[in-house]
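Residue-level listing of the chains:
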Amino acid sequence: MPADTNAYGDIFGGWLVSLMDAAAGLIAARRAKGRAVTVAMDGMQFLHPVKVGDEVSVYGEITRVGRTSMTIQVEAWRRLRESEDTCKVTEAVFTFVAIDENGRPRPVGG
Ligand SMILES: CC(=O)SCCNC(=O)CCNC(=O)[C@H](O)C(C)(C)COP(=O)(O)OP(=O)(O)OC[C@H]1O[C@@H](n2cnc3c(N)ncnc32)[C@H](O)[C@@H]1OP(=O)(O)O
């Protein structure tokens, strides 16, 4: 069986979560100007399947900045390979914490 799909050709949810985590991590590192780690992922919902060959796009934005943490809303969208049809397949709220070289939380800064 392919590593990223089930027997019916649907992408595993974990593959999408990984993509979304990576996207949120990019946003967090950029905002924190340094290393940031995932501390929580909330509100995950899978609304539609993704098939092999679909185009997947991931969008994220920071919705809150705390002292050391950032909340990032992430959505994944699918476009059918041979059509303009798109739909949101999943969304989640990620919390990242900026950390220092010892792995301890550090202020995100202004
Ligand atoms: C296991 C893995 O490999 S998972 C993938 C990668 N992620 C990791 O490795 C992270 C592992 N976790 C850790 O190292 C630690 O939990 C840390 C460094 C992220 C946080 O350390 P803590 O001692 O819990 O820090 P602390 O209690 O001071 O909280 C830091 C911030 O995170 C926030 N926070 C902590 N836990 C949560 C949570 N479950 N949900 C939302 N926010 C949280 C706090 O509110 C605080 O935010 P603020 O400073 O903006 O007010």
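None of these values were measured; they are calculated from a predicted model.

Visitor: Explanation requested: the UniProt feature "domain: HotDog ACOT-type" (unreviewed entry) in the chain in the structure shown.
Guide: UniProt's feature table lists "domain: HotDog ACOT-type" (unreviewed entry) at residues 1-102, given in the numbering used throughout. End-to-end, the C-alpha atoms of residues 1-102 are 40 Å apart, and along that stretch the chain is 20% helix and 45% strand.

Visitor: Help me understand the pattern of salt bridges in this model?
Guide: Pairing is possible between side chains of opposite charge, provided their charged atoms come close. Under the definition given, this model contains 4 salt bridges. A salt bridge links Asp10 to Lys51, with the nearest nitrogen and oxygen atoms 2.7 Å apart. In this pair, Asp10 sits in the segment before helix H1 (13-32) while Lys51 sits in the loop between strand E1 (36-46) and strand E2 (55-65), placing the two residues 41 residues apart along the sequence. For Asp10, a relative accessible area of 18% puts it in the buried group. Of the charged contacts in the structure, one is a salt bridge between Glu75 and Lys88, with a shortest N-O distance of 3.6 Å. Pair noted here: Glu75 is in strand E3 (residues 69-79) and Lys88 is in strand E4 (residues 86-98), with a separation of 13 residues, a long-range link. Each member of the salt-bridge network shares a partner with another, and the members are Glu75, Lys88 and Glu91.

Visitor: Just to check I follow, could you spell out the pairing of E3 for this structure?
Guide: Regular strands place their side chains on alternate faces of the sheet. As defined by bridge partners, E2 adjoins E3 across 10 bridges and the pair is classed as antiparallel. Within the sheet, the bridge partner assigned to Val65 lies in E3 and is Met70. A loop of 3 residues connects E2 with E3, the two strands running antiparallel in sequence. Pairing geometry for E3 and E4, over 11 bridges, is antiparallel. Considered in E4, the bridge of Ile72 is made with Phe94. Linking two consecutive strands that pair antiparallel, namely E3 and E4, is a turn of 6 residues.

Visitor: I tried to follow the nonpolar core on my own but got confused; where do I start?
Guide: It is characteristic of soluble globular proteins that their nonpolar side chains tend to be buried jointly. In this structure, Met70, Phe94 and Phe96 are the most contacted members of the largest nonpolar core, which totals 19 residues. Where this core is concerned, the elements lending two or more residues are H1, E3 and E4. Tallying contributions element by element places E4 first for this core, with 6 residues. In contact with Phe94, other than residues within four places in its own chain, are Val17, Met20, Asp21, Ala24, Thr38, Ala40, Met41, Met70, Thr71, Ile72 and Val74.

Each value, and the rule that gives it
Residues numbered from 1 in each chain as written. Predicted model: local features only at pLDDT ≥ 70, side-chain atom pairs only at ≥ 80, totals over all residues. Heavy atoms only, no water. UniProt positions renumbered as here; feature names shortened; annotations may be inferred. Helix = DSSP H or I, 4+ residues; strand = E, 2+ residues; numbered from the N terminus. Salt bridge = Lys/Arg side-chain N within 4 Å of Asp/Glu carboxyl O. Buried < 20%, exposed > 50% of the residue type's maximum accessible area, 1.4 Å probe, protein only. Pairing = 2+ DSSP bridges. Core = buried A, V, L, I, M, F, W, Y, C linked by side-chain atoms within 4.5 Å. Contact = heavy atoms within 4.5 Å.

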